[in-house]
Amino acid sequence: MKRVLVTGAGGFIGHHLVGYLKKKNYWVRGADLKYPEYEPSVADDFALLDLRRWENCLKATDGIDEVYALAADMGGMGFISAHHAEILRNNSLINIHTLDAARENGATRYLYTSSACVYPEYRQTDANVTALKESDAYPAQPQDAYGWEKLVTERLCTHYREDYGLETRIVRFHNIFGPLGTWDGGREKAPAALCRKVSIAKLSGNHEIEIWGDGEQTRSFCYIEDCVDGIYRLMRSDCREPLNLGQDRLVTINELADIVAAVAGIKITRKHVPGPQGVRGRNSDNTRLREVLGWEPRISLEEGFKRTYAWIDSQVRAAERRGASVALEKPSIAGRRASAS
Ligand code: NAD
């Protein structure tokens, strides 16, 4: 039985990946600073470790054949645009040490989770953006420190393969969403934040939701089940170059809010407020993905948001039952109801 390590197994994608790999009969070790927040892990072994430290990375990779490296200090635009030093320092330490410990312990394959944030700002200034193909990453000019670190670690993976023979794979995610991901507290990303806002709007009866900027910035969004399937297919493939993994359906944030509202069965009004928006437009060119994997994501936005909204709505309702004010939504739902009536 192959023994695999999933770092970041207490996080959104890592937790889903552990479940996927268990179904494929791997022996799985998860490693993270924390356990998954919303349900227990099904990993065979779960090590609570700070992977910024080299000796902890040695423990995590001990006896491991293949590594899926997902641990990262990260969040949505609000977090990424305000914590450059922390992100660059922590993620560099995590990735340099995890990769080197995997080599030291004789792992044979290593998959690194990079991001569409590596693409240069100058190719993403128009909402009606040309989809980004992998070679567009250069000449490099990522918007944030988060993207710079991803780009450097991509290079490190490439050189570890060339110099040490460790088979590395590099995936560039484009906005992954789904249930069991962070949905409040400041690190949540736009899909989860919109689901939370729409759920609260429905519960409170106040159907106005806040959108950062004019909402005309564009992105593509990929459902988590497609994401973990794609990660696994890439690990098993011969593709040694970075590979986009995302949907190529471009939507504005305003359109996304309408999709979520339709799923919730309410009509919303949008209130545009100042906030970090990231690049103006970004889409995934899936030509290489189709070529090398003979596959591409297939779950529609509408279906993905049906499942994601249902889960976040249940979380919001549970928080309300506990009497907790849902983070970033002040006053609390209960308070809003009182003031609305
Ligand atoms: P997440 O924040 O839910 O999970 C990351 C996990 O890493 C967290 O559980 C966190 O506790 C853990 N971690 C942070 N610092 C650590 C440390 N020092 N030691 C051990 N563990 C540590 O994020 P996610 O959405 O699951 O993302 C997984 C990977 O995919 C990350 O590398 C991320 O950069 C990348 N990615 C995600 C997206 C997306 O849309 N979610 C897009 C592009 C790239």
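Everything here concerns the structure above.
Please read these numbers as outputs of a predicted model, since none were measured by experiment. (Residues numbered from 1 in each chain as written. Predicted model: local features only at pLDDT ≥ 70, side-chain atom pairs only at ≥ 80, totals over all residues. Heavy atoms only, no water.)

A. Representation of the site of the ligand in the model. Near the ligand lie 26 residues; those nearest to it are Ile 13, Asp 32, Tyr 146, Lys 150 and Ile 176. Ile 176 is positioned such that a nitrogen or oxygen atom in its backbone is 2.8 Å from an oxygen atom of the ligand. One of the side-chain N or O atoms of Lys 189 is found 3.0 Å from an oxygen atom in the ligand. Here the ligand, which alone exposes 820 Å², has 92% of that area covered by the protein. Residue assignment for the shell around the ligand shows that the elements contributing at least two residues are α1 (12–23), β5 (109–115) and α5 (145–164). Sorting elements by how many residues they give to the shell around the ligand places β5 first, with three residues. When its residues are assigned to classes, the shell around the ligand shows 13 nonpolar, seven polar and six charged. (Near = heavy atom within 4 Å. Polar contact = N/O pair within 3.5 Å; in protein donor to acceptor, adjacent residues only side chain to side chain. Areas by Shrake-Rupley, 256 points an atom, 1.4 Å probe, with all protein chains shown as cover. Helix = DSSP H or I, 4+ residues; strand = E, 2+ residues; numbered from the N terminus. Nonpolar A, V, L, I, M, F, W, Y, C, P; charged D, E, K, R; others polar.)

B. Local environment of the sheet that holds strand β11 (residues 243–245). One open sheet accounts for seven strands, arranged β3-β2-β1-β4-β5-β6-β11; its pairing is parallel. Each edge of the sheet is formed by a strand with only one pairing partner; in this case those strands are β3 (45–48) and β11. When the angles between neighbouring strand axes are averaged without regard to direction, this sheet yields 20°. Where strand β4 (residues 66–69) meets β5, four bridges bridge the pair, whose relative direction is parallel. Across the sheet, residue Glu 66 finds its bridge partner in β5, namely Arg 109. (Pairing = 2+ DSSP bridges. Axes fitted to C-alpha atoms, helices over the stretch in contact; angles between N-to-C directions.)

All quantities given are derived from atomic positions and should not be read as evidence of function.
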